[in-house]
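So you can see what is in the structure, the chains are spelled out below.
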Amino acid sequence: MSKTSAAPESNNDYAYLKVAVAATLLLALLILASLWFSNSLPTSAILGVTSVPGDSSDQASRAEYVSLGDFTIRMQQGDDDQTLQATLAVKLTQPKLAEKVQGHMQEIQHQVNMVLQSKRAEEILTVQDKESLAEEIRGRVEQVMGYRKTSGRAGEAPSMKPNGIAAVLFTSFVIQR
């Protein structure tokens, strides 16, 4: 009888071992998933991938975005009033610039308001028009930050210092009549 009673105990021990291993694997998977989604552990560390210096995915991972805020501009065109509602952000390739942008935020927002108020609706309808507008705003941001100097002479190109301001992005852009 001792042999028959010993067999079920070993089966129970084997079942408990299977449950313990499954629970440990599940716990490990949950920990990795939580680290992945909280960005505490880079994807490359989880997958064992190393980045190549200068790789575009490496550049994108270092980019930081700073919101410039929401802008609502009343655009007058004869008898037809239109409203522009836009939300902008600046993309920085040097994350340390985020504090500097925040420190100049009031002046940057002023410059963005001045640029947007100078436009008529038909000047900013196409994608190309919006890209040109974003570049113009980027120039104003660079000027406020001290990276771009304008000479004041007509037709002369501005001098620029290298900087980490990659782009000005419209995260929302609506023109209403």
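Here's a quick rundown of the structure. Within each chain, residues carry numbers counting from 1 in the order of the written sequence. Per-residue local features are limited, in this predicted model, to residues with pLDDT of at least 70; the limit for side-chain atom pairs, both in listing and counting, is 80 or more; totals at the level of whole chains, interfaces and linings are taken over all residues. Hydrogen atoms and water are omitted, and side-chain values are computed over all heavy atoms in the structure.

A count of helical and extended segments in the protein chain gives six helices and five strands. Each helix (α) and strand (β) of the protein chain, taken in turn from the N terminus, gives the series α-α-α-β-β-α-α-α-β-β-β. A 1.4 Å probe rolled over the protein chains alone gives each residue an accessible area, and that area as a share of the maximum for its type sets the label: buried under 20%, exposed over 50%, partly exposed in between. Counting across all 177 residues of the protein chain, residues that qualify as buried make up 25%. Computed by Shrake-Rupley with a 1.4 Å probe, the accessible areas treat only the displayed protein chains as cover when residues are assessed. Put simply, the protein chain shows about 12100 Å² of open surface, and 55% of that area lies on carbon and sulfur atoms. We count a stretch as a helix when DSSP gives it H or I for four or more residues in a row; a strand needs E for two or more, and each element gets its number in order from the N terminus.

This paragraph deals with the nonpolar core. Residues belong to one nonpolar core when they are buried, are Ala, Val, Leu, Ile, Met, Phe, Trp, Tyr or Cys, and are joined through side-chain atoms within 4.5 Å. If you look at the biggest cluster of nonpolar residues, it comprises 29 residues, and the most contacted ones within it are Leu68, Val101 and Ile137. For this core, the secondary structure elements donating two or more residues are strand E1 (64-77), strand E2 (80-92), helix H4 (97-103), helix H5 (105-117), helix H6 (127-145) and strand E5 (165-176).

A few words on a nonpolar patch on the surface. Taken together, the side chains of Tyr14, Leu17, Val21 and Leu25 present a nonpolar region at the surface, about 440 Å² in accessible area. One can find Val21 in helix H1 (residues 2-37). Without a salt bridge and with relative accessible area above 30%, a residue can belong to a patch; like charges are then joined within 9 Å and nonpolar side chains (Val, Leu, Ile, Met, Phe, Trp, Tyr) within 5 Å. The salt bridge definition used is simple: a Lys or Arg side-chain nitrogen within 4 Å of an Asp or Glu carboxyl oxygen.

Okay, the sheet that holds E1 next. DSSP calls a pair of strands paired once it identifies at least 2 bridges connecting them. Strand order in the open sheet formed by three strands is E1-E2-E5, and the pairing between neighbours is antiparallel. Taken across any chain shown, the strands that pair with only one partner, and hence form the sheet edges, are E1 and E5. When strand polarity is set aside, the average angle formed by the axes of neighbouring strands in this sheet is 20°. Bridge count for E1 against E2 is 13 bridges, and the pairing is antiparallel. In the sheet register, Thr72 faces E2, and the bridge partner there is Gln85. The criterion used for residue contact is that any of the two residues' heavy atoms lie within 4.5 Å. Whenever a helix is involved, its axis is fitted only over the stretch in contact; in every case the axis is a line through C-alpha atoms, and angles between N-to-C directions fall within 0 to 180 degrees. Its contacts with the sheet put H5 on E1 and E2, and the angle it makes with E1 is roughly 35°.

The next thing to look at is the packing of aromatic side chains. Note on aromatic pairs: the rings of Phe, Tyr and Trp (six-membered ring only in Trp) are paired at centre separations within 6.5 Å, and the planes decide the class, stacked below 30 degrees, edge-to-face beyond 60, tilted for the rest. Evaluation of the coordinates by the stated rule reveals one aromatic pair. With a centroid separation of 5.0 Å and 75° between ring planes, the pair formed by Phe170 and Phe173 is classed as edge-to-face.

Now for H5. Along its 13 residues, H5 runs 18 Å from first to last C-alpha, staying within 8% of the 18 Å computed at 1.5 Å per residue. On its buried face, H5 sits against E1, E2, H4 and H6. Here a helix's expected span is defined as the number of its residues, less one, multiplied by 1.5 Å.

Moving on to the side chain of Gln82. Position of Gln82 among the secondary structure elements: in strand E2. Sequence-distant contacts of Gln82, that is, excluding residues within four places in its chain, are made with Ile73, Arg74, Met75, Gln77, Ala121, Ile175, Gln176 and Arg177.

For the structure shown, the criterion picks out six salt bridges. One salt bridge connects Arg120 with Glu122, and the closest N-O pair in it is separated by 2.7 Å. The class of Glu122 is partly exposed, set by a relative accessible area of 40%. Here Arg138 makes a salt bridge to Glu142, at a shortest N to O gap of 3.2 Å. Of this pair, Arg138 and Glu142 both sit in helix H6, four residues apart, which is roughly one turn of that helix. Like Glu142, Arg138 is buried. When salt bridges with common partners are traced through the structure, they connect Glu135, Arg138, Glu142 and Arg148 into a single cluster.

A word on H6. Its 19 residues give H6 an end-to-end C-alpha distance of 27 Å, which sits within 8% of 27 Å, the value for a rise of 1.5 Å per residue. Among all positions in H6, only Leu133, Ala134, Ile137, Arg138, Gly139, Val141, Glu142, Val144 and Met145 are buried. Trailing H6 by a residue or two, Gly146 shows a phi angle of about 90°, which is positive.

A word on the packing of H5 against H6. In contact at an axis separation of 9 Å, H5 and H6 are set at 145° when each is read in the N-to-C sense. Handedness of the H5/H6 crossing: right-handed. The segment H5 lies against H6, with Glu107, Ile108, Gln111, Val112, Met114, Val115 and Leu116 engaging Leu133, Glu136, Ile137, Arg140, Val141, Val144 and Met145. Three classes are used: nonpolar for Ala, Val, Leu, Ile, Met, Phe, Trp, Tyr, Cys and Pro, charged for Asp, Glu, Lys and Arg, and polar for all others, with Gly counted as polar. In terms of residue class, the contact of H5 with H6 is made up of ten nonpolar, one polar and three charged. Two helices cross in a left-handed way if the nearer one is turned anticlockwise from the farther one by less than a right angle. They cross in a right-handed way if the turn is clockwise.

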